[in-house]
Amino acid sequence: MGASQRRPCLTAKLYWEAELTFKHLLIGALLASTIATPAMAQANTDITVVLSEELDLVEPCMATRSNIGRVILQNISETLTELDVRGDKGLMPRLADSWEDKGDGTWQFKLHSGVKFSDGTTFDAADVKHSFDRVFSDQLTCESKRYFADTTLTFTVVDDLTIDVKAEPAQPVLPLLMSLVTMVPSETPMEFVRDPIGTGPYVMTEWTAGQQIVLDRRADYWGAQPEVTKATYLFRSEPAVRAGMVAAGEADIAPQITAEVADNKATDFTYLNSETVYLRVDGQDAPTSDIRIRQALNAAIDREAFIGTVLPAGTELAVAMVPPTTLGWNPDLTPPAYDPELAKKLIAEAKADGVDVSLPIEVVARTENFPNVTEVSEALVQMFNEVGFTATLHMVEVAEHEQYYSKPYPESTGTRLVLAQHDNSRGDPVFSMFFKYDSKGTQSGVNDPKVDEMIAAASAATGDERAALWSELFKYVHDDIVADVLLFHMVGLSRVGERLDFTPTIATNQQLQLAEIGFK
Amino acid sequence: MTKLISQRVIASLLSLLGLLILVFFLSRLTGDPAVLFLPIDATEEMKTQFRALHGLDLPILEQFGRYVWDFVHLDFGESLRKARPAIDVVLEAYAWTLPLAGITMGLVVVAAIVLGSLAAFNVGGFFDRLVSIVSLIGASAPDFWIAIVAIVVFAINLSWLPTSGVGTPWHWVLPIAVLFIRPFGLIVQVVRGSMLTALSAQYVKTARAKGVKNLPIIFVHTLRNAMLPVITVIGDQAAAMLNGAVIVETIFGFPGIGKLMIDSILQRDFNVVLAAIMVTALAIFIMNILIDLAYGLLDPRIRN
Amino acid sequence: MTDVTLVAKPVSQGKSGFSALLSMLWRDKLAFVSAVILVLIILCAVLGPALLGDMANSQNLRGRNSPPFDLARGWAFVLGGDSLGRPMLARLVVAARSTIMVASGAVLVSLAIGATLGLVAGYMGKNISQVIMRLADVIMSFPSLLIAVVVLYVLGPSIPNMILVLAITRIPIYLRTTRAEVLEVRERMFVQAAVVMGAGHWRIIARHILPVVAPTLVTIATLDFAFVMLAESSLSFLGIGIQPPDITWGLMVAQGRPYLTTAWWLALWPGLFIVITTLALNLLSNWMRIALDPTQRWRLEARSTKDE
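Residue indices follow the written sequence of each chain, beginning from 1 at its first position. Lettering for chains starts from A, numbering for ligands starts from 1, and both go in the order in which the items are written. The predicted nature of this model means local features are confined to residues of pLDDT at least 70 and side-chain atom pairs, given and counted, to a pLDDT of 80 or more, with totals for whole chains, interfaces and linings taken over all residues. To get the side-chain values, all heavy atoms of the structure are used, and hydrogens and water are removed first.

Under an unreviewed UniProt entry, the name given to chain B is ABC transporter permease, and the organism recorded is Devosia psychrophila. In its Subcellular location (unreviewed entry) section, the UniProt entry covering chain B states "Cell membrane". UniProt positions are given in the numbering used here, feature names are shortened, and annotations may be inferred rather than shown by experiment.

Per an unreviewed UniProt entry, chain A goes by Peptide ABC transporter substrate-binding protein and derives from Devosia psychrophila. Per its UniProt entry, chain A bears the Sequence similarities (unreviewed entry) comment "Belongs to the bacterial solute-binding protein 5 family." The Subcellular location (unreviewed entry) field of the UniProt record for chain A holds the comment "Periplasm".

This is the structure:
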């Protein structure tokens, strides 16, 4: 206003009027937003969740894809069993009350009685069979099929509430695998559906593509009634916007925000999110075929320096491909110490033995893989170069990354280290170890018959023996053959509005059970 | 005139076909959608099955033949990701982008022509410099920066407007405001520039020398002559907006064509990309025909 | 690079014309400052990587995001440190080269191709014109995002490829502008007269048409400089643009985005450099547009006498 005082009277008046109208507009906006807000995030038991990724599909058999699972898993569609991620109860009953190993690869599941789908039909053994028929159908490409890659399942309906599942070869973790397959009614067609029918406590009442999905609580749910009556899902890809929406009262939960925007201790939760970041090393390629080079790569990295800087505080150093909550996790392993002198010495030794240590090393990383992936990659490359490697960085987008990450690997003059993030929140290493370490694994850089044997033995074992075998494998891969450069168990950050009583868990990446949300 | 337009329509259809061929083959150079649709640990069998289900395993020329056959029957195929007809997905998004682009461009054109001409009349003066500098800053400031700062300031700190999304008219204020800035900056400069040239034309000087002050007549005549490049630049900016305001839509969670386009391109959802480009192209071709007609109206000598 | 040619242009008018122009530039302070800034930026682009390249790449994870205006860590950190603890100032200077290369490369290539095709389309027969214009329609409808993904996927991300992507997308604007102006100029009396007097095509184009079309093209080209720098930034934002270890101001802005609320200097300085470059370029070109136009020059001369 200082400048306008010197203006001629008329102009000043015009400015003043303009400012008045502007103020009116603002007041209008203010009123509108206060009116609009309650419609979005009510003071009652309706909540709004703002997710990072929109859903392409709401198909139950795709529920293991994280963006779909966060909305429908255990909310709309339920599974026979469920993994306890809050306590240490292990595998818990959900739609199945109990299960029993009948021997010879056959498991018998007793189903809960009186369960109704949201279309009113009763859940029975035939529905279980149909749900699996859909998974294996060649009319649609269900994600959950991959968990049964080399297994043939035969279903025998014993009675309405009892079903026998025979796996060939025998599958010791079949009950655990049951926590990954959602149940649909036998009427469900063999194509992707747009109106998922499930047994869960919620039913989808609205899906406006690109805008929102609304779940309403069912009155006739078979289990305990959850507190949340209605959940509206919105989709915003920008973390600052998601966090801001909770701060502004437009949303109640914003999963997957970044450390940079998580500036409120009262609402922002940090938790291990079951992702492990590592550099996949191709052990068949020069110069990384020499174990000393692989050890040098490990010793060159100052892992601690990343934590609390480019990665959020709470990030843990990884000693295995799976997070610490997984069966058989080996507490005796220690991450390689940062020792640039050791790294230089190892390189010199390898060189003396005729290894061409001057071969270029290309670090391949994926844009948007996790927050600050570019910074992490740039720092890794610099650390490699500091000990004498010839490392460069190659940032690629997702489709191209896939080409480097999965077999067959493209040719290279030196070698490529693929920076990747692997997710295993399923509780058992079987979902990781074959793919990442078996000589036939699609992302494996290892070709070691002993590893193949150990994976096969552990996958077939049960109970304590299984845990011990996995433990042994972790040690062998980490200490004896130094298969790769394991880096970090990542943390996720979520902002939860203050009126909610909810703590995110390691599974929040994969599923967000509305039933676990309470109000203060 | 009718003959001219019908010729033009036929030529445009031919270029639509050219565009279709170009996009179809170029997009298929960018990788396999199966590996992006399926999880990383999917088996080879699942990938083969996905390709077979969507006809991606056929020889590329056969795929193209089938696509063209369906296309002439107005069938744009299914979205690989969404299991819905691609054209439905695209039209839904367009229903959001068209009003956003229309309102923004309308505001931009009016503001840019008025302020740009005023600046040209007052060349070198305070108002001219102010308009130039403000518009140039606007034209050169990164839009995602402006968008995020605008959200933080107006939605989060001041709580005047909703952060993002659609629903009430208030949701449109920030996206339109952010989207307005860059084309406004560009067009205002072009208006100013061509007005300057037009003002120095002989007849304007004569009129001024005769003592006619900056009257509406001069304004209108000069403007008319200055409009040729202006319209071209407006067309260019409008085309960019019809292609979708990718950044603004992404940040504000606005369900328009730009967000759909980038998602589909990154996920290799070829049918949606093709359908989106075909619809956009149609809109741009129509716009270009209108622009060329406008040239003729502004300057009858160009008409033939 | 555009700047060089722009500044170089008057030289052809002879030594005295050049010094007259210089003194005219000195009198318009805003234009003078713009010229100085552009010279500085070009110096940065030429010398920066050689002088400061190592400093710009030396990381220090534990000293990241150090705030600006703190000289404790040396002059290089006067604008703060980035998310890997590298000095912002050094990085900005080094990034000038690739930024200017990408922007001027894309603008010059699209200007040259677009203007040539536009001249041909406007001047030659209807059939050629029709073909060229429909080609422009096709390019205009082809989303730059898809061009970027195709080029980057097939050819890999690099500065020349980025120039290619941006140049392709900017061709139609020059093409359509040139053609529209040519159509109009062609009908003017003096051109018609030249045709009647039997002047050759190239002579008419060079003598009569180009001088009229050029000012508009220069205005658009200087504006496009900003447009191209920002388009490159947006592509980086979307993850399909230039990627580290290459650096441009656009990439720096995109990388600073997550820190907008915690470390504003990461995105602000490179953004400011883009704004300043654009401002300088456009103010200078606006001035030049008047200074080089005999029918307009009186404005500058008149005003400068008034000023003094």
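Draft legend 1. Summary view of the interface of chain B and chain C. Two residues qualify as a contact provided that any one of their heavy atoms is within 4.5 Å of a heavy atom in the partner residue. Taken together, the 70 residues of chain B in the interface contact 61 residues of chain C. Between Lys or Arg on one side and Asp or Glu on the other, a salt bridge is scored when a side-chain nitrogen of the former is within 4 Å of a carboxyl oxygen of the latter. For the pair chain B and chain C, the number of links is three salt bridges. For D137 of chain C, the salt bridge identified is with R8 of chain B, shortest N-O distance 4.0 Å. N or O atoms within 3.5 Å of each other form a polar contact, as long as, within protein, one can give a hydrogen and the other can take it, and as long as residues adjacent in sequence are counted only when both atoms are side-chain atoms. Our count for the chain B to chain C interface comes out at three residue pairs in polar contact (both at pLDDT 80 or more).

Draft legend 2. Structural context of the packing of aromatic side chains. The pairing test for Phe, Tyr and Trp rings, Trp by its six-membered ring, is centres within 6.5 Å, and the orientation test on the planes gives stacked under 30 degrees, edge-to-face over 60, and tilted for anything in between. Enumeration according to the criterion identifies 29 aromatic pairs over all chains in this entry. Both rings, one in F24 of chain B and one in F64 of chain B, keep their centres 5.0 Å apart while their planes meet at 65°; by these two values the pair is edge-to-face. Placement of the pair is F24 of chain B in helix α1 (residues 2–27) and F64 of chain B in helix α4 (residues 60–72), with a sequence separation of 40 residues. Classification of residues uses two cut-offs on accessible area relative to the type maximum, computed with a 1.4 Å probe and protein chains only: under 20% is buried, over 50% is exposed, and between them is partly exposed. Take F24 of chain B: its relative accessible area is 0%, and that puts it in the buried class. The exposure class assigned to F64 of chain B is buried, which follows from its relative accessible area of 14%. For the pair W249 of chain C and F273 of chain C, a centre-to-centre distance of 5.3 Å together with 75° between the ring planes defines the contact as edge-to-face. A residue pair is termed long-range when its members are at least 10 positions apart, and W249 of chain C in helix α10 (residues 249–256) and F273 of chain C in helix α11 (residues 265–291) qualify at 24 residues. Every member of this aromatic cluster is reached through a ring pair, and the members are F24, F25, F64, Y67, F71 and F76 of chain B. Criterion for a charge above a ring: Arg CZ or Lys NZ at most 6 Å from the ring centre, at most 35 degrees from the ring normal. Over the aromatic face of F37 of chain B sits the side chain of R65 of chain A, whose NZ or CZ is 4.7 Å from the ring centroid. Residue placement shows R28 of chain B over the ring face of F24 of chain B; its charged tip is 3.9 Å from the ring centre. Secondary structure elements are taken from DSSP: a helix is a run of H or I of four residues or more, a strand is a run of E of two residues or more, and numbering for both begins at the N terminus.

Draft legend 3. The arrangement of empty space enclosed by the protein in detail. In this analysis, the protein atoms alone were mapped onto a 1 Å grid. Cavities are point sets where a 1.4 Å probe fits without being able to get out; pockets are open sets with protein on both sides within 12 Å along at least five of seven lines; lining residues have an atom within 4 Å of a point. Grid points are joined across faces, edges and corners, and a volume is the space filled by probe spheres set on the points. Throughout the structure, instances matching the rule amount to 13 cavities of 30 Å³ or more. Taken as a whole, the largest cavity spans an internal volume of roughly 800 Å³. Along the wall of the largest cavity there are 37 residues; nearest its centre are R182, A240 and G244 of chain B together with S144 and F227 of chain C. For the lining of the largest cavity, the elements supplying multiple residues, two or more each, are α7 (143–157), α8 (170–199), α10 (216–242) and α11 (246–252) of chain B together with α5 (126–141), α6 (144–155), α7 (159–186) and α9 (201–237) of chain C. For the lining of the largest cavity, the class distribution of residues is 26 nonpolar, seven polar and four charged. Quantified by volume, the second largest cavity comes out at close to 160 Å³. Classes in brief: Ala, Val, Leu, Ile, Met, Phe, Trp, Tyr, Cys and Pro nonpolar; Asp, Glu, Lys and Arg charged; the others, Gly included, polar. Of the residues contributing to the lining of the second largest cavity, the split by class is five nonpolar, six polar and two charged.

Draft legend 4. Fine view of the interface of chain C and chain A. Contacts between the two partners involve 24 residues from chain C, matched on the other side by 24 residues from chain A. When two parts are brought into contact, each loses some accessible area as probed by a 1.4 Å sphere; the total of that loss over both is the buried area. Overall, the association of chain C and chain A removes approximately 2100 Å² of surface from exposure, summing both partners, and the carbon and sulfur fraction of that is 50%. Three residues stand out in chain C for area buried against chain A, namely L61, R62 and Y153 of chain C, and they jointly supply 26% of the buried area on that side. At the junction of chain C and chain A, the tally comes to two salt bridges. Scanning the region where chain C abuts chain A turns up eight residue pairs in polar contact (both at pLDDT 80 or more). Tallied by class, the residues present in the side of chain C that touches chain A amount to eleven nonpolar, nine polar and four charged.

Draft legend 5. The state of the cysteines, seen in detail. All names here are of chain A. A pair of sulfur atoms, both from cysteines and within 2.5 Å, is called a disulfide here. One pass over the full model with this rule turns up one disulfide over all chains. Bridging C61 to C142, the disulfide has an S-S length of 2.0 Å. Judged by the sign of its S-S torsion, about -80°, the bond between C61 and C142 is left-handed. Note that C61 is positioned in the loop between β1 (46–51) and α2 (66–72) and C142 in the loop between α3 (125–136) and β6 (152–159), a separation of 81 residues in sequence.

Draft legend 6. Layout of the sheet that holds strand β4 (residues 96–103) of chain A. All names here are of chain A. Strand pairing follows a simple DSSP-based rule, namely that at least 2 bridges must link the two strands. Read from one edge of the open sheet, four strands run β4-β5-β7-β6, paired in antiparallel fashion. Looking along the sheet, the strands with just one partner apiece sit at the ends: β4 and β6. Neighbouring strand axes in the sheet, compared pairwise and without regard to direction, differ in orientation by 20° on average. Across seven bridges, the pairing between β6 and strand β7 (residues 162–168) is antiparallel. Bridge pairing in β7 places T152 opposite E168. Helix axes use the C-alpha atoms of the stretch in contact, all axes being lines fitted to C-alpha atoms, and the angles between their N-to-C directions lie in the range 0 to 180 degrees.

Draft legend 7. How the structure looks around the side chain of T97 of chain B. Residues and elements named next belong to chain B. Relative to the assigned elements, T97 resides in helix α5 (residues 86–121). The buried category is assigned to T97, whose relative accessible area is 1%. When sequence neighbours within four positions are dropped, the list of residues in contact with T97 reads M241, L242, E249, G256, I257 and G258.

Draft legend 8. Quick look at the confidence of the model for chain B. Residues and elements named next belong to chain B. In this model, chain B carries an average pLDDT of 84, and 91% of its residues clear a pLDDT of 70 or more. Summary of the metric used: pLDDT quantifies the predictor's per-residue confidence within the range 0 to 100. Helix α9 (residues 202–209) is the least confidently modelled element of chain B, averaging 65 in pLDDT, while α5 averages 90, the highest of any element. Scoring of the predicted complex yields 0.85 for pTM and 0.86 for ipTM.

Draft legend 9. Quick look at the nonpolar core. Nonpolar cores are built from buried Ala, Val, Leu, Ile, Met, Phe, Trp, Tyr and Cys residues. Side-chain atoms within 4.5 Å join them into one set. Formed by 197 residues in total, the largest nonpolar core has its most connected members in V90, I187 and I251 of chain B together with I240, W249 and W287 of chain C. With 17 residues, the single largest contributor to this core is α9 of chain C. For I187 of chain B, the residues in contact, after removing those within four places along its chain, are M105, V108, A112, V230, V233, I234 and Q237 of chain B. Counting 101 residues, the second-largest nonpolar core is a separate cluster that includes A167, M178, A318 and Y404 of chain A.

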